[in-house]
There are 2 protein chains.
Amino acid sequence: MSQQVAVVVFDGFELLDACGPMELLGALADQFAIAVVGPTTAPVRSTQGPRLCVDTTYADAPVADIVLVPGGRGTRELVDDHDFLAWLRTWASAATLVSSVCTGSALLGAAGLLDGYRATSNKRALAWVMEQAPQVRWEAQARWVEDRDRWTSSGIAAGLDMTVALVASLCGDETAMELARTLELEPNRDPTRDPFAAS
Amino acid sequence: MSQQVAVVVFDGFELLDACGPMELLGALADQFAIAVVGPTTAPVRSTQGPRLCVDTTYADAPVADIVLVPGGRGTRELVDDHDFLAWLRTWASAATLVSSVCTGSALLGAAGLLDGYRATSNKRALAWVMEQAPQVRWEAQARWVEDRDRWTSSGIAAGLDMTVALVASLCGDETAMELARTLELEPNRDPTRDPFAAS
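Residues numbered from 1 in each chain as written. Chains lettered and ligands numbered in written order. Predicted model: local features only at pLDDT ≥ 70, side-chain atom pairs only at ≥ 80, totals over all residues. Heavy atoms only, no water.

> Hey, could you go over the sheet that holds strand S11 (residues 150–153) of chain B for me, with residue numbers and the actual values?
All names here are of chain B. The mixed open sheet is built from seven strands, whose spatial order is S5-S2-S1-S6-S7-S11-S10. In the strand order of this sheet, the two ends are held by strand S5 (56–57) and strand S10 (144–147), each with one partner. Both strand S1 (residues 3–8) and strand S2 (residues 32–38) contribute to a ladder of six bridges, which runs parallel. Following the sheet pairing, Val8 is matched in S2 by Val37. With respect to the sheet, helix H3 (residues 82–93) is in contact with S1, S2, strand S6 (66–69) and strand S7 (97–100), its orientation differing from that of S1 by roughly 170°. Strands in contact with helix H6 (residues 158–171) are S1, S2, S6, S7, S10 and S11; relative to S11, the strand with the most contacts, it is inclined by about 155°. (Pairing = 2+ DSSP bridges. Helix = DSSP H or I, 4+ residues; strand = E, 2+ residues; numbered from the N terminus. Contact = heavy atoms within 4.5 Å. Axes fitted to C-alpha atoms, helices over the stretch in contact; angles between N-to-C directions.)

> Requested: an account of the pattern of salt bridges, with residues and values cited.
Tallied over the full model, the rule gives 20 salt bridges over all chains. Residue B:Asp173 pairs with B:Arg189 through a salt bridge whose shortest N-O separation is 2.9 Å. With B:Asp173 in helix H7 (residues 173–182) and B:Arg189 in the segment after H7, the pair connects residues that are 16 residues apart, well separated along the chain. On the accessibility criterion, B:Asp173 (43% relative accessible area) is partly exposed. Because the salt bridges share partners, they merge into one network encompassing A:Arg124, B:Glu178 and B:Arg181. (Salt bridge = Lys/Arg side-chain N within 4 Å of Asp/Glu carboxyl O. Buried < 20%, exposed > 50% of the residue type's maximum accessible area, 1.4 Å probe, protein only.)

> With reference to specific residues and values, describe the packing of helix H1 (residues 15–26) of chain B against H6(B).
The packing of two helices is summarised by the inter-axis angle and the distance between the axes. All names here are of chain B. Axis separation between H1 and H6 bottoms out at 8 Å; the angle between their running directions is 30°. Of the possible angle classes, the one that applies to H1 and H6 is roughly parallel. Between H1 and H6 the crossing geometry is right-handed. Between H1 and H6, the contacting residues are Gly20, Pro21, Leu24 and Leu25 on the first element and Gly159, Leu160, Thr163, Val164 and Val167 on the second. Its residues assigned to classes, the contact of H1 with H6 shows six nonpolar, three polar and no charged. (Parallel < 35°, antiparallel > 145°, perpendicular 65-115°, else oblique. Left-handed = near helix turned anticlockwise from the far one by under 90°. Nonpolar A, V, L, I, M, F, W, Y, C, P; charged D, E, K, R; others polar.)

> Please set out the UniProt feature "domain: DJ-1/PfpI" (unreviewed entry) in chain A residue by residue, giving values where relevant.
Feature annotation in UniProt places "domain: DJ-1/PfpI" (unreviewed entry) on residues 4–168 of chain A, given in this structure's numbering. For residues 4–168 of chain A, the end-to-end C-alpha separation is 17 Å, with 32% helix and 23% strand making up the annotated structure. (UniProt positions renumbered as here; feature names shortened; annotations may be inferred.)

> So, unusual backbone geometry: which residues are in play, and what are the values?
Residue A:Ile156 is not a glycine yet carries a positive backbone phi of 30°. With respect to the helices, strands and loops of the structure, A:Ile156 is situated in the loop between strand S11 (150–153) and helix H6 (158–171). One non-glycine residue, B:Cys102, lies in positive phi territory at about 60°. Residue placement: B:Cys102 occurs in the loop between S7 and helix H4 (104–110). Residue classification places B:Cys102 among the buried positions, given a relative accessible area of 5%.

> Residues and numbers for the relation of the copies chain A and chain B, please.
Between chain A and chain B, the superposition needs a rotation of 180° and an axial shift of 0.0 Å, giving an RMSD of 0.0 Å. Overall, the copies show the geometry of a two-fold rotation axis. Closest approach to the rotation axis among the C-alpha atoms of chain A is made by A:Leu52, whose C-alpha sits 2.3 Å away. When you check the interface residues of chain A against chain B, 100% turn up at the interface there too, and the contact is symmetric in its surfaces. (Least-squares fit on C-alpha atoms with pLDDT ≥ 70 in both.)

> Requested: an account of the nonpolar core, with residues and values cited.
With 143 residues, the main nonpolar core has A:Leu88, A:Trp91, B:Leu88 and B:Trp91 as its most contacted residues. No other element matches the eight residues that H6(A) contributes to this core. The contacts of A:Trp91, once residues within four sequence positions are left out, are A:Ala6, A:Val8, A:Ala61, A:Pro62, A:Val63, A:Ala64 and A:Val67. (Core = buried A, V, L, I, M, F, W, Y, C linked by side-chain atoms within 4.5 Å.)

> Break down the environment of A:Asp30 for me, with residues and values.
Mapped onto the elements of the fold, A:Asp30 is located in the loop between helix H1 (15–26) and strand S2 (32–38). Taking the C-alpha atoms as reference, A:Asp30 lies 34 Å from A:Ala110; in sequence the two are 80 residues apart.

> Describe in detail the packing of aromatic side chains, supporting the description with residues and values.
Each aromatic ring pair is specified by the distance between its two centres and by the angle formed by the two planes. Considering all chains together, one arrives at eight aromatic pairs over all chains under this definition. On the numbers, 4.7 Å between centres and 15° between planes, the contact of A:Trp87 with A:Trp91 is stacked. With A:Trp87 and A:Trp91 both in helix H3 (residues 82–93) and four residues apart, this pair spans about one turn of that helix. For the pair formed by A:Trp87 and A:Trp91, the shared burial category is buried. For the ring pair B:Tyr58 and B:Phe84, a centre distance of 5.4 Å and an interplane angle of 55° mean the geometry is tilted. One end of the pair, B:Tyr58, is in the loop between S5 and S6; the other, B:Phe84, is in helix H3, with 26 residues separating them in the sequence. One exposure class covers both B:Tyr58 and B:Phe84, and it is buried. Here the aromatic cluster, defined as three or more aromatic residues joined through ring pairs, consists of A:Tyr58, A:Phe84, A:Trp87 and A:Trp91. Taking the ring centre of A:Tyr117 as reference, the NZ or CZ of A:Arg148 above it sits at 4.3 Å. (Phe/Tyr/Trp six-rings, centres within 6.5 Å; stacked < 30°, edge-to-face > 60°. Lys NZ or Arg CZ within 6 Å of the ring centre and 35° of its normal.)

Encoded structure:
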């Protein structure tokens, strides 16, 4: 049976944060089924302009196997939205695996979902992200961080690398590398190699 | 004034083919304005599942500065859709620059938009793509090909590299590299370095 992947979108989500991982997981349609989860059934506008359709609302979203939270400009408001954070904490806590790309980790952190975990985020936004969740062990140099059932990536394009690693973890290395070849993608496979870490 | 970018979507477009370039161009909102152009005003489903909203229909789409055509499973039917190809040829011919990602070049080729040009495409699909437009000078080893006002990229993730090069060409190298850093993207900047070329 395929794993249910729920991607949480909101006004001002970063387009590639969501669509990079969805491309990779969606290309393995026999293993992953993707649902886009939004505040209402209305389309959600990305920071870049294009709008994604919503498959199910926050209120109606069933428990997912894998939750993925993108970053983007919209996170700046959402870290102060206590209703959203309360919903995210309760709903995502029931998932097997919770992941984020870029400043999506600020939302996970603010919701308490990274308490006691190691995590990373967009390197230019890291100071702000750390303020949202000081109880998290933030890593300033990491392309992505896997800590038990929490996977967080660095900025935007790092979500592609994290997702290749996630596929390798869930489906095996051969499947992940064949997927990358299909996408003509050269992933960074070393989570500690972070060319964008603050020097 | 910003350049108008029109991204042509259709049932079964490849999600990252469209969203990778839209992320890059959309991040330069003062320089590029993106419109998603679809068959009707209804949302369009990607090969991977997620649906994009349409800003304007094929019939109503104004002339764009830059046209981008993604690939995906849907191209297999569209190369035989003479109404679509006739529309694409007429409408895209009026653009300043016409580009494609992956098997999007099969659509440009079938529409006659690459006649007399050098072009490339997804390397695993290249034999099929070449059949659609034998009068094009297809390059079997190229991450992307820039030939005058036609830019075509190799498979899926290659669209990110091509778009960085396109931004460098239109906005300067400094803007392109700062954009890549913002995205934490390490682009392949050499169009002749193609790790996925058939050996």
